[in-house]
Amino acid sequence: MGRWTLHLSVGLGLLALLLTCCYAEENYCFASRAKTCSECLQSGKGCAYCPDETFNGPRCDLHENILAHGCSTAAIITAESSMTMERKEQINVRIQQSQVSPQQMSMTFLPGEEKIVDVEVFAPTKGPLDLYILMDFSNSMADDLDNLKRMGKELAQVVEKLSEDYTIGFGKFVDKVIEPQTDMRPSKLKQPWPNSDPPFSFQNVIKLTSNLDFFTSELQKERISGNLDAPEGGFDAILQAAVCGDKIGWRNHSTHLLVFSTESAFHYEADGANVLSGILPRNDEQCHLDAAGKYTMDIHQDYPSIPTLIRLLGKHNIIPILAVTNHSYTYYKKLQEYFPIAEVGLLQEDSSNILQLMEAAFESIRSKMSIRAEEKPKAFEAQFMHMDGSVAQYGAFDFKPGSIGKFKTRLKAQRMINDMPVCQVDPNEKEGTTRIKPTTFNAAVNIKASVLCPTCECEKTPIIKADRCNGNGDLVCGKCQCYDGWLSTFCNCSASASAQDTNQCKGPDMKEACSGRGDCLACGTCVCYNPDQFEGPYCQYDKTQCQRYGGFLCNDRGSCVMGQCACTQGWEGNACECPKSNLTCLDSKGGVCNGRGKCVCGRCECPNSGMEMTSTCEPNFQAQLGVCEGTRSCVQCQAWKTGEKKDKEECDKCLFKIVMVDELKESEKVLDSCSFRDEDDDCTYYYTVENPKDLTDKDLEVQVRKKKDCPPAGLLWLLPLLLFLLLLLALLLLCCWKFCACCKTCLQSCLALLPCCRRGRMVGFKEDEYLLRQSLLTADHLDTPMVRTGPPKGTDIVRWKVTDNVHRGPNHPQAMIKPNPKETIQFPISLRLNKLFSETLSRPDSKDAEQLRKEVADNLNEVYKQIPGAQKVQKTSFRMQRNAGKRQDFTIMDTVLSAPRGSYPDIVRLTEKNVQSGNISDLKVVPGYYTVATDREAVGAIEFQEGVESVDVHVPLFVKDEDDDKKQLQVEATDVPLGIAEIGKRLVNITIIKEHATSVFSFLQPAYTYSRQDGVANIPISREIIEDGRTQVTYRTRDLTAKDKKDYVTVEGDLNYGPGETQKTVPVRLLELGEKDGLLEDKPVKQFVMDLSNPRQGAKLGRYPRTTVTIADQPEPSVVMFKRGAQNFTTSDLSYNIPVVRTRNLDSPVTVKWRTNEALRYKLSGPLMFGPGETENNIVIERPVEPETFQLELSDPSSNAMIGERKTTIVNVIDHNVERDIDQKQQLGYINQKALSPGIHLPAPGNPKARATGPRSIRLNWDPPPGNPMGYKVKYWIYGDPEKDAQVLDVKTPQAELTNLYPYCDYEMRVCGYNAVGDGYDTDMIACQTLEDVPGEPGRLAFNVISPTVTQVSWAEPAETNGNIVAYEVVYTPIDDLTKPAGPAKKVKIDNPKKRMLLIENLQTAQTYLYQVRAKNSVGWGPFRDATINLASQPARPLSIPIIPDIPIVDAEAGDEYDSYLMYSNEVMKSPTGSKTPSVSGDDYTVNGKWEQNFLFPGGSGTRNLSASSSPMSTLSSNYRGAGGSFTTETNTTHYMSGQGGSRRLDMIGGGGVHTSEVIMRKRSENRGYTDENIRDSIVIGDVSSQISDINARVSPGIPDTPSRLVFSALGPTALKVSWQEPHCEKDILGYCVLYQLLNGGEVKRIDVMNPAENSVIIQDLLPNHSYLFKVMAQSQEGWGPEREGVITIESAVDPKSPLSPMPGSPFTLSTPSAPGPLVFTALSPDSLQLSWEKPRKPNGDILGYVVTCEQLHGGGDVRSFQVNGDSAETSLTVPNLTENVPYKFKVQARTTQGFGPEREGIITIESQDGSALSHYNSQSMVRREVFQMPTDVSTRTNVSHTMINDPYFSDGMMMTTQHTETSGLVTRQITKEVVQRSVVGGATVSKKMFYTSK
């Protein structure tokens, strides 16, 4: 009994809550679960507390709920806020200054309360103006200062024009007087330039004054100054001008303009411009001007940050006008976007237009009006509205100067701040003075706002040991507060005495304490395990188990409370499915249910009147195909007592009464005019229908003309004759019925010709429109019902069509794109077969389905082969269609035909013709049903059989990823080719809305298979995160052939995903097979499905919202089959090995038998065994004596295996000599390939075409070759890879689907057919690129720690971009020690994919942050790359970073106004120091294939001048400083080409001819087989030239070609590795031969390689610094092939005493003898560089000078030439006027006494320092450099250089330099290539154009 008393008050309170909570989601008072009275009042506005002792309801609730629960009005405790108007003076328009009204207010707000204030503002026509000119005094501004001095009169005229009450002042700035900004030499400190003042930071020269003469005279005294670096310290000057109000002279009621004039960029906080900036303290934002107006703290504190500057200018009401020259205009233009109001003007180089610029800027500022809430406490939100209450956009107010403007301000106090009640936050965040003002005003409405946190007086007077609390507690505000050890509402339960009694935690009929869902504590208190799901005194209620409506819990209109739905306001019902209002029941006249029905649960319940009614009980004439058709029978029965309602009982049910009149109204004045023929007398009657004039009248007004129109009496005698003829015709047709199946159709056609039979039957769509959400679609079609009215006798066939995207107008960009009629597309086709549907046809792998699929394919292919370019049908499946009339049990066949798009009309006509005949070749089909579709339109037909009134149209929806957010399809019933029905409702519109979801839920695949032995089926459910957060989805299993509790245990519930969670698994328990089912031999397939539904929090369902789970009773059998369909051998083979392969279930041994068929000499057979894990075995047959062709067959597999699709194989053994003769004659053209016999190789298939069908798939089709191929082999490989590494796919049809490919990757393919002889000839190469996919995660993150609150985060481009990156997103979140969020996450989207750095300011000190970065391409967002770092934990060291262009800068604590603050800069600026030491989270330091120069070492710095990877020739210089020492490396990499091949190549080309070979740039290429850990340097010599067409120039058949690549890799000063690529050969390669000798003569050494699998040799006995000639050739059975030659030298330092002995440990490189160079580039500025090269080592004559040419690589611009005289050892040239981020090609040619020598070429791009612009090759290249920790005190210099020559022994080819330098822990790999073009004196010209990519 005690526990019932204990829970009495709790139960009553919960019940009262359930009964009265009408808006559960907004009742924050109750939701706060306040424990005290004060906490209750602080929960929000409207909260009240009941202190009555006897009150049993919730004490804290909304005021109205407290009253409803029974609390007395006098006892209720509430709190009220206040609003006081402290100062409100009316605006005086005669005072010419900016004014606002009111001026001062005080307000208190309860949490969640909002208040609206009306504000008036006045802007004068010419108000007071303070104009302060702040000018750059660096030396480059000398002419600007001179011009300003001469503008005294003009300046006076401008300011007087702007204002009648003005002041003007002047200040000047240069930069910090500190290195490296300023030259610190004493002479330069005194006078940096001739006739200049000493350098300074900022000086206030002229205080704001109204005396223009004084201003002009003082300005004449000023002289220019100067500094070193380009950026200036203008930010220091702006800040001092803003905060030093008294010293500058700003007035309170004037408009403050600051004109900032400069031609340079700016320094900002911690920009690394000097070595001390990293350790300088932050700017203190205070005034530091001395008596002379000079800034005194320039060398003691850092520059201000940009957000700081914006905030201070806004605080002091200063509007900047940025007057800048073209050099820095883009800088300041982007900076302008982040000021609330600012102007940027383009200044002439001499500032001659500064006055015009100032005037235009001032007018522009006055035309802009926006309102701001400044200094607003964090607890408040501000919003500005027009006087009509609509929210105003930024800058939307248009207040005219001289008139009063009005607007409204809404201030709202938040209830929660960062999930914390507002009353618990810091006082500074919930109170303060907010200034509401226009951006151009000084005057503002000052609102002292504070959050009111009330307390209750009753808490101060508690009743100690109150009797109501049984003396065990105090009574505070009517509620007991129990002492320790006592519990329950009245403190009457001892915790110690009841702690072990769990019975108190059991309710009626409960067996488990707390329902098994919680812990039982003392006094029967249950603490639920999951309070978010379970509740109640005994945890007996599940919040997810309330009633659902439409799949939504409580209809998504309420909350589940105590097992029942607590509906939101305006809703009721058990599932909150009923709206309380009757708005949904209003009819067209504004009445409720047309006065005929009742409004129940938001819907009208209409009486049964026999007439179709609308949802509001109005006559539904549309459903009856028109007003006339709907009223016809009622008019006929009332007027003439005839028709189908002529019985009085039926006629009385009509909803209207008619009026008989003599004349009817005109048709234009009524709703409709109707006329029908009366069947009883063959007369026509007429009537009109109109809506009642009185809106209260619910009946239609129907007027009927009294007089009918009847046919003349003289023709009545024809009636008997017509009747007789009709009877005779009917008898004849009836007789024919027995003999002709189509007579019924003919009868209907004849009847349709009769005028009397045309009316009476109508067909049309049931609905006007369908509105679908794409996320809820579960199919790619919509079954749209079409209805038929009138007499249902006879058959009607209706044709229909559907058109996609009808919402797009004719001028829509997509509509204007005309498709290619020759493009091969898929045509989905559906037919109804004359065959009943069975369950086995729904299983694609069943025998019945396979047999029917083959029959369908054979017949359809026979018919559609008439269509040019049509391929064979694919993807045939079978289904039923519900609501198909009497044919719904027949099988519908769906298939896909691939054909040219332009053949669509022909396919439709051919399909319709065959369907009408009832036969598709020999396939029986049902006439009257078909569908033919494309990707944008479809046509079809449906059939209404006799007695059928409704049939569904299977409408395709054409859902595509590229669809608009809201697209519309239109379905039209076009005509009735068979039948007498007419079309009524012709059109139906289908609208599909694409929702932009925050998450997408999907199963990973549409089907899974699990064995019963697994016991559990773990089904993964994937979540794609678009916007991170919490979300939820419902899952549920459903029976198919598997049954709940018999085969598996059904599951359902909700999955909750937290932030960052992407996948969860649902376990489904699988049950053992029952004894009865276990005895069945043919066990049915057991399947069930799992569905996803009801995604919440903005999520949607994705690609697979349903998955089918198959329960396998036994493991699947192994599949055994021949590896190939044909095997080719010759009589020279010793034995024949025929491979047999095995797949699936490899854990057990398998046995299969084989035997020969159709063998003339040998009848062989035997077993073949596979051991566990063995996947391939061979059938070995000894060699026959003579040629023979026979067949091998597999049979009798063991019980755990089955025979695959290649059950047999053809073994073709031919004579070796005959085979060779045939091949030779065929190649020489003596044998016609088209007249092929079965014993000849097949020609190449024709017309091969490839098309990408997805990111990882390509569809390939071709025309079969003549000669009856047995199958086809498709070879495919990545573009650039050797063809010998291609993958091979064996197919039986002339089409193939290539899968598991790389996204956005180029592939090459070839196809050949094969027959019994073997493989035929290949097609030409086909190229195709796969589609894009989402990118991978970005490269590992790196951090430049600038200060404990500022960091620069950098990242690399994703290794798998899978497309073109278009944006990045950076998310940074403060986290605690458990990695949980400790504050809100901030997101920054970077729309320029070249900006892969972000500078984040004002981070919290000593706070750990989680940083996440992800990339986006055209497909969507990829996964996040994340890293965690605490800036305070990084070691202290000098910190500096260069000014890196285009780095977004984010202020982490600037508040709402600066959340999206970004600043970009475009100009490249050099700095003597490099980037800061990073903290690196990961091991990947490449960015877009480049070494990210910011990734250095502790305490280090580095400088990068230009790209090291994006151009073929580059210079990379980096300086590293480590603890205790330094490491310096300088790498100059250049490239050389071998010279002309001499007369040998010219003879091969022929006289006067031109031979061109191209090496094409490759994607995703890899150098396979040429890597070695000890390789230091490599040179590649190769020729991938096009084949010469002359057949006589080809080598003999079977002779190997020239090895296509030579790779020389230096292993040491005397050791060389020579590698080559296997040449093409029609016969097997037997081996290789390598010959080498000194270039100047000597012994020829030979190395024979007998193993053809080896393609490299290592030579150890070379001499350093000696050139060698190498030759490599291959051998086959037919002999040796031609040689590949190359000349190479290993250069190394040698012992002076022994020139042939290299110095131990000395560096070594590969080279060729000569040419100018190598070229070395050094960037001097964004538009200039220095080019250097070395003197040729072996010039042809004395050098007189050089000719240098420069041109843009991709065309555009002029070719520039430079003459350089002299023959010094190293020559340099400065090239100006270049364009940043544009690749240039340079050529250097020596001019000697004998003429011009060969050219050295190089390609270079001057890039932004962050690599924001990449060279032409960058997207197609990848460079990887590995950097490890450096030792100290190490220095090395490596120069790798190669040249091109014209020596006679040099072969055509290319040399590539590979540099691999290792120095005690530093490993740098760099591979580069060079573009070379040469000319040779002689009768022929050989030009070689090569394009390369780094690899």
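Residues numbered from 1 in each chain as written. Predicted model: local features only at pLDDT ≥ 70, side-chain atom pairs only at ≥ 80, totals over all residues. Heavy atoms only, no water.

**Q** Would you mind showing me how to read the sheet that holds strand S39 (residues 701–705) here?
**A** Each strand in a sheet pairs with its neighbour through backbone hydrogen bonds, running either in the same direction (parallel) or in the opposite one (antiparallel). Strand order across the open sheet formed by four strands is S36-S39-S38-S37, with mixed pairing between neighbours. The open sheet terminates on both sides in strands that have one partner only, identified here as strand S36 (658–661) and strand S37 (672–678). Going from strand to strand, the sheet's axes swing by 30° on average, the running direction of each strand aside. (Pairing = 2+ DSSP bridges. Helix = DSSP H or I, 4+ residues; strand = E, 2+ residues; numbered from the N terminus. Axes fitted to C-alpha atoms, helices over the stretch in contact; angles between N-to-C directions.)

**Q** I keep staring at the state of the cysteines and nothing clicks. Help me out?
**A** The final tally for this structure, using the stated rule, is 22 disulfides. Covalent S-S linkage joins Cys505 and Cys520, the inter-sulfur distance amounting to 1.9 Å. Taking the sign of the torsion about the S-S bond as the criterion, the disulfide between Cys505 and Cys520, at about 75°, is right-handed. Residue Cys505 is located in the loop between helix H14 (495–498) and strand S24 (518–520), and its partner Cys520 is located in strand S24; the two are separated by 15 residues in the primary sequence. In this model, Cys554 is linked to Cys565 through a disulfide, with the two sulfur atoms separated by 2.1 Å. Looking down the S-S bond of the Cys554 and Cys565 bridge, the torsion is -85°, so its handedness is left-handed. Of the two residues, Cys554 is situated in the loop between strand S29 (552–553) and strand S30 (558–561) and Cys565 in strand S31 (residues 564–567); the sequence distance between them amounts to eleven residues. Exposure remark for Cys554: the relative accessible area of 1% places this residue in the buried category. With relative accessibility at 12%, the residue Cys565 sits in the buried group. (Disulfide = S-S within 2.5 Å. Buried < 20%, exposed > 50% of the residue type's maximum accessible area, 1.4 Å probe, protein only.)

**Q** What exactly am I supposed to notice about the packing of helix H9 (residues 234–243) against helix H11 (residues 306–315) here?
**A** If you want to describe how two helices pack, look at the angle between their axes and the distance between the axes. Where H9 contacts H11, the two axes come as close as 10 Å, and the packing angle between them is 25°. Relative to H11, H9 is oriented roughly parallel. For the element pair H9 and H11, the recorded crossing hand is left-handed. Of the residues in H11, those touching H9 at Phe235, Ile238, Leu239, Ala242 and Val243 are Ile306, Thr308, Leu309, Leu312 and Leu313. (Parallel < 35°, antiparallel > 145°, perpendicular 65-115°, else oblique. Left-handed = near helix turned anticlockwise from the far one by under 90°. Contact = heavy atoms within 4.5 Å.)

**Q** Is there a simple way to think about the pattern of salt bridges in this case?
**A** One side chain can pair with another of opposite charge once the charged atoms of both are near each other. This structure, assessed with the given rule, holds 62 salt bridges. Notably, a salt bridge pairs Arg1646 with Asp1648, separated by 2.8 Å at the nearest N-O pair. Owing to a relative accessible area of 42%, Asp1648 belongs among the partly exposed residues under this scheme. Through salt bridges that share partners, Lys172, Asp197, Glu222 and Arg223 make up one connected network. (Salt bridge = Lys/Arg side-chain N within 4 Å of Asp/Glu carboxyl O.)

**Q** Teacher, can you tell me more about a nonpolar patch on the surface here?
**A** On the surface, Leu719, Leu721, Leu722, Phe724, Leu725, Leu728 and Leu732 cluster together to form a nonpolar patch covering roughly 660 Å² of accessible area. When you line up the elements, Phe724 lands in helix H17 (residues 718–737). (Patch = residues over 30% accessible without salt bridge, like charges linked within 9 Å, V, L, I, M, F, W, Y side chains within 5 Å. Areas by Shrake-Rupley, 256 points an atom, 1.4 Å probe, with all protein chains shown as cover.)

**Q** It is not clear to me how the environment of Thr1108 should be interpreted in this structure. Could you clarify?
**A** Of note, Thr1108 is situated in strand S62 (residues 1106–1112). Here the alpha-carbon distance between Thr1108 and Phe1088, two residues 20 residues apart in the chain, equals 5.9 Å. Apart from residues no more than four positions distant in its own chain, Thr1108 is found in contact with Pro1006, Ala1007, Tyr1008, Leu1040, Gln1087, Phe1088 and Val1089.

**Q** Explanation requested: the nonpolar core in the structure shown.
**A** Soluble globular proteins tend to bury their nonpolar side chains together. One finds Tyr132, Leu134, Phe202, Phe235, Phe260, Phe266 and Tyr332 to be the most contacted residues of the largest nonpolar core, which totals 40 residues. Mapped by element, the contributors of at least two residues to this core are strand S7 (129–136), strand S9 (202–209), H9, strand S10 (255–262), H11, strand S11 (318–324) and helix H12 (329–336). If you tally residues by element for this core, the top one is H9, at seven residues. Those residues in contact with Phe202 that lie beyond four places of it in its chain are Tyr132, Leu134, Gly171, Lys172, Phe173, Ala237, Gln240, Leu289, Gly293, Lys294 and Tyr295. (Core = buried A, V, L, I, M, F, W, Y, C linked by side-chain atoms within 4.5 Å.)

Structural measurements only, silent on function.
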